Amino acid sequence: MKDVSARPQDTFGGGYHGRIARSKTTHDHALRRGAYRSMRRRGGGALGGWRLALPSGLFALIFATGALLLLGAGAAFAFFTEDLPSAQDLAKDPLPQSTKVYDRTGAELLYQFSEENRELVAYDEIPQILVDATVAAEDKSFWSNPGVDLLGIVRAIVSDVTNRGSGQGGASTITQQLVKQRIVGSEVSIKRKIREAILAVEVTNTYSKRQILELYFNQIYYGNQAYGVKAAAQTYFGKSDLSKLTLAEAALLAGLPQAPSVLDPTQADNVDRAKDRRAYVLSQMVDTGAIKQGAADGANAETIKVAGPPVATIKAPHFVFQVRNQLTQILGGDEAAVSRGGYRVTTTLDMTKQEIGERQVKEWVERLHGRNVWNAALVSIDPRSGEVLTYVGSVDYNNRDDPRVQGQFDVAGIGVRQPGSSFKMFNYVTALKNGATAATVVVDARTDFGGKADPTRLSPAACAYCPENADLQYHGPVTMRQAIRESRNVPAVRFLAEYSGIEATIQTAHDLGITTDIDPTTIGLSLTLGAKEVHLADMASAYGVLANMGVRVTPTYVLKVEDAHGKVVWEHKDYEQKRVLDAGIAWIMTDILKDTTQPSKDFIFGSWTNIGRVAALKTGTTDNLKDVYSVGYVPTLVTGVWMGNSNGDRMSAVDFASATGPGQLWRDYMKEALADTPSSDWARPANVVSGTVVSAPGAYGGFGSGLAPSALSPFSMTEWFIKGTEPAKADDWFVAGCPQPDGTVKVAMKINDTRAPAAFQRYTDQWVRDAIAGKHTYGRYTWNLVSPDACATPTPVLTPVPTRTPVPTPTFPFGTPTPRPIPTPTKKP
């Protein structure tokens, strides 16, 4: 009998968290009152009430042979109802629902976290043909029975006793199956069966038939990890809209709950059994009058076509697991809620950029196999909002076997690798905070910073801590800009020792976003060279502070979280924007880092990293070539790249460095990812002013005092300063004009490195002696390498200075940059 009078509000509306509708129809009450009166007449007694009507059918047999004979009616009833759950518990606990994770558009499903693969459906969304098929298969008297089917129980008992069971049906009603699943459990015992029956009657007295069916359709397991009928329709037929199910498909689904694993039609061995079960359901539908025999025959003749077992696919896997971590935090640390709560998560992921990143990482790693490069990671963030747009945690998530790859390990967010010279940025930013400028000069000379070396020797064996430059050259007095542009190691250490300080630099790194602990007592001056391992995602976020002109926004992987009812429970808006760095300092550091991507300003890196628009970049390479880095940005996008091998294998040092590995990967990704984004530059803050300083201009320049020009200063250039830090002192390094034997006049230079510790003076003096002797020129400084002492002799005898020649260009496997002539210094009039 169809519950035609049940109203729409008698459903749970697809959810189980809110108020449960309790409205009953006159039909429901009349039906139950009649059933209960009949039961009272048969099994009434002194205790009264509907519970006294229970000893009938199966109950009569059980009570008659057991409880009534041994314990008495009252004691038996108390025994079976002791601690009996309430019928209200049927809908008390929410059903586990899958949490679905989408890209930033909300259209692309990345993954779903599931304890049980389930999507709730309201009764009104269930087609009548599926209702009829399920009732016919599981409980033909559902619409009229009081929760138990007395005749069905008798038939089941007779069938079991006579061993003539058909295997097609049982004594449990739909309501009893639901009570078993939701409340009493699956313990095999007479006591459990009796308690199940008692509760089934009570549930029928508490909920409408529509509500019971809605709970059933959402609760029952259909096999193949599909819980609930909506997940089953999607799993077996690829249909998320139940109204699209055919009669044959509805009959097949209705028959599955009896034995899901045995009847699973996706398994070839089960197809015949699934057909037989479908035929049984169709015959029962004819028997109940739900369909005609012709319709049953037509459906029965159809070949079973299923979508096949679902393949658990995951897009942007390492990103998705970062989403899970953040979602757990949003939900108060409740990990179970992530896979049970049925949340809809809209993430920050830009699928277009993600696909570009994954492809570029794969192509570049494959191209570099000959350099023993087998893995890479890439992270892109919008520095203005902190939104993570691209996240590639390894070259191949599915490559578990190659120890050089270990694809499922997230190098970008979980791994910690040495960043090399890309960490120098924190040192130089700290120096700027402490009063240094882009024109501040330190001496690039081979130096023992350990203080324990033999002062008369500078051999590697005699050094306590003598960092080397990558090219094993020393360029004497260099400005901060030149030191950063050419990524020179000795000047970086001198800036750390003379201006920044280890602890202050660590604090800057933490302020900008580095989360790894750094012990200042153990890291020492090697801190600035990237000796401490960090997360790539942290490095990208920290450089994003520069891109955002000193304002930090904590990275986020999630844009919005909605609960199972569509209510927004968290959203990435009104987020904290914390100023951690003066805008002027961020702008000046960015202006210096721009040089790295411009061939006209950087003869080492510019040809490899230019992206056709204004951009800033810093690369990094570890001494042992186990890690290479590039982190760069434009105003709207910051991207960090790491390359290496997950097992720590060294890459090949032949024709390979940070510029030709991650630098070119960064370049290609940024050019493609920004193809539709207009080029832009950073507006200069009001506290940044220009000034003229003594420093050789051009890509090969930088040599000079960094002071205000004097009449003897042979060259000058414009530099940027925080207002008030422009050099006021006139240049006193170029001290005299020296006539030369050939009739020319050179300018003698004296290095007044007053900021450096006195112990460093001997290293400066040694560099000067070597330079005058013709060493360390590298085609840069021949116009002024004259000792002031030489000017005191009427006819000085000078060591010949080699003819200026260009710095040799490295040979790289992916093309050679176009040679550029060394600029002629511009002498100040």
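Criteria and cut-off values
Residues numbered from 1 in each chain as written. Predicted model: local features only at pLDDT ≥ 70, side-chain atom pairs only at ≥ 80, totals over all residues. Heavy atoms only, no water. Helix = DSSP H or I, 4+ residues; strand = E, 2+ residues; numbered from the N terminus. Buried < 20%, exposed > 50% of the residue type's maximum accessible area, 1.4 Å probe, protein only. Contact = heavy atoms within 4.5 Å. Areas by Shrake-Rupley, 256 points an atom, 1.4 Å probe, with all protein chains shown as cover. Pairing = 2+ DSSP bridges. Axes fitted to C-alpha atoms, helices over the stretch in contact; angles between N-to-C directions. 1 Å grid on protein atoms, 1.4 Å probe; cavity = no way out; pocket = protein on both sides within 12 Å on 5 of 7 lines; lining within 4 Å. Points joined across faces, edges and corners; volume = space filled by probe spheres on them. Nonpolar A, V, L, I, M, F, W, Y, C, P; charged D, E, K, R; others polar. Phe/Tyr/Trp six-rings, centres within 6.5 Å; stacked < 30°, edge-to-face > 60°. Lys NZ or Arg CZ within 6 Å of the ring centre and 35° of its normal.

1. Some remarks on the overall build of the chain
Looking only at helices and strands, the chain features 26 helices and 18 strands. In the chain, buried positions account for 56% of the 829 residues. Taking the contacts inside the chain whose residues are at least 6 apart along the sequence as the reference set, 70% of them involve residues at least 24 apart. For the chain, the exposed surface amounts to about 34,300 Å²; the carbon and sulfur share of it is 51%.

2. Description of the sheet that holds strand S3 (residues 344-347)
As summarised here, the arrangement of the five strands in space is S2-S1-S3-S9-S10, forming an open sheet in which the pairing is mixed. On the outer flanks of this sheet lie strand S2 (109-113) and strand S10 (568-571), each paired with one strand and no other. Averaged over neighbouring strand pairs, the angle between their axes works out to 15 degrees when direction is ignored. Strand direction decides the pairing type here: strand S9 (residues 558-562) and S10, joined by three bridges, are antiparallel. Its bridge partner lying in S10, Glu562 is registered against Val568. Of the strands in this sheet, strand S1 (99-102), S2, S3, S9 and S10 are in contact with helix H14 (residues 317-330), which crosses S2 at around 50 degrees.

3. Topic: empty space enclosed by the protein
The final tally for this structure, using the stated rule, is three cavities of 30 Å³ or more. In this structure, the second largest cavity spans a volume of roughly 70 Å³. Taken together, Ile381, Asp382, Pro383, Gly386, Ser541, Gly544, Val545, Val551, Arg552, Val553, Pro555 and Val638 make up the lining of the second largest cavity. Put simply, the parts of the chain that give the lining of the second largest cavity at least two residues each are strand S4 (375-382), helix H22 (536-547) and strand S8 (551-552). With three residues, the top contributor of residues to the lining of the second largest cavity is H22. Considered class by class, the residues forming the lining of the second largest cavity number seven nonpolar, three polar and two charged.

4. Points about the packing of aromatic side chains
Under the counting rule described, the total for this entry stands at 18 aromatic pairs. Relative to Tyr633, the ring of Tyr543 lies with its centre 6.4 Å away and its plane at 55 degrees, an arrangement referred to as tilted. On the criterion of sequence distance, the pair formed by Tyr543 in helix H22 and Tyr633 in strand S13 (residues 627-634) is long-range, its members being 90 residues apart. The class of Tyr633 is buried, set by a relative accessible area of 0%. An aromatic cluster is defined as three or more aromatic residues linked by ring pairs; in this entry it consists of Phe449, Tyr465, Phe760 and Tyr763. The cationic tip of Arg367 hangs over the ring face of Trp364; the distance from NZ or CZ to the ring centre is 4.1 Å. The residue whose ring lies beneath Arg404 is Trp374, and the NZ or CZ to ring-centre distance is 3.7 Å.

5. Some remarks on the sheet that holds S13
Taken in spatial order, the five strands make up an open sheet running S5-S4-S14-S13-S12, and their pairing is antiparallel. Since the sheet does not close on itself, it has two edges, and those belong to strand S5 (387-392) and strand S12 (616-621), each with one partner. The average undirected angle you get between the axes of adjacent strands in this sheet is 10 degrees. Where S13 meets strand S14 (residues 637-644), eight bridges bridge the pair, whose relative direction is antiparallel. In the sheet register, Val634 faces S14, and the bridge partner there is Leu637. Relative to S12, helix H23 (residues 583-594) is tilted by about 70 degrees, and along the sheet it contacts S12 and S13.

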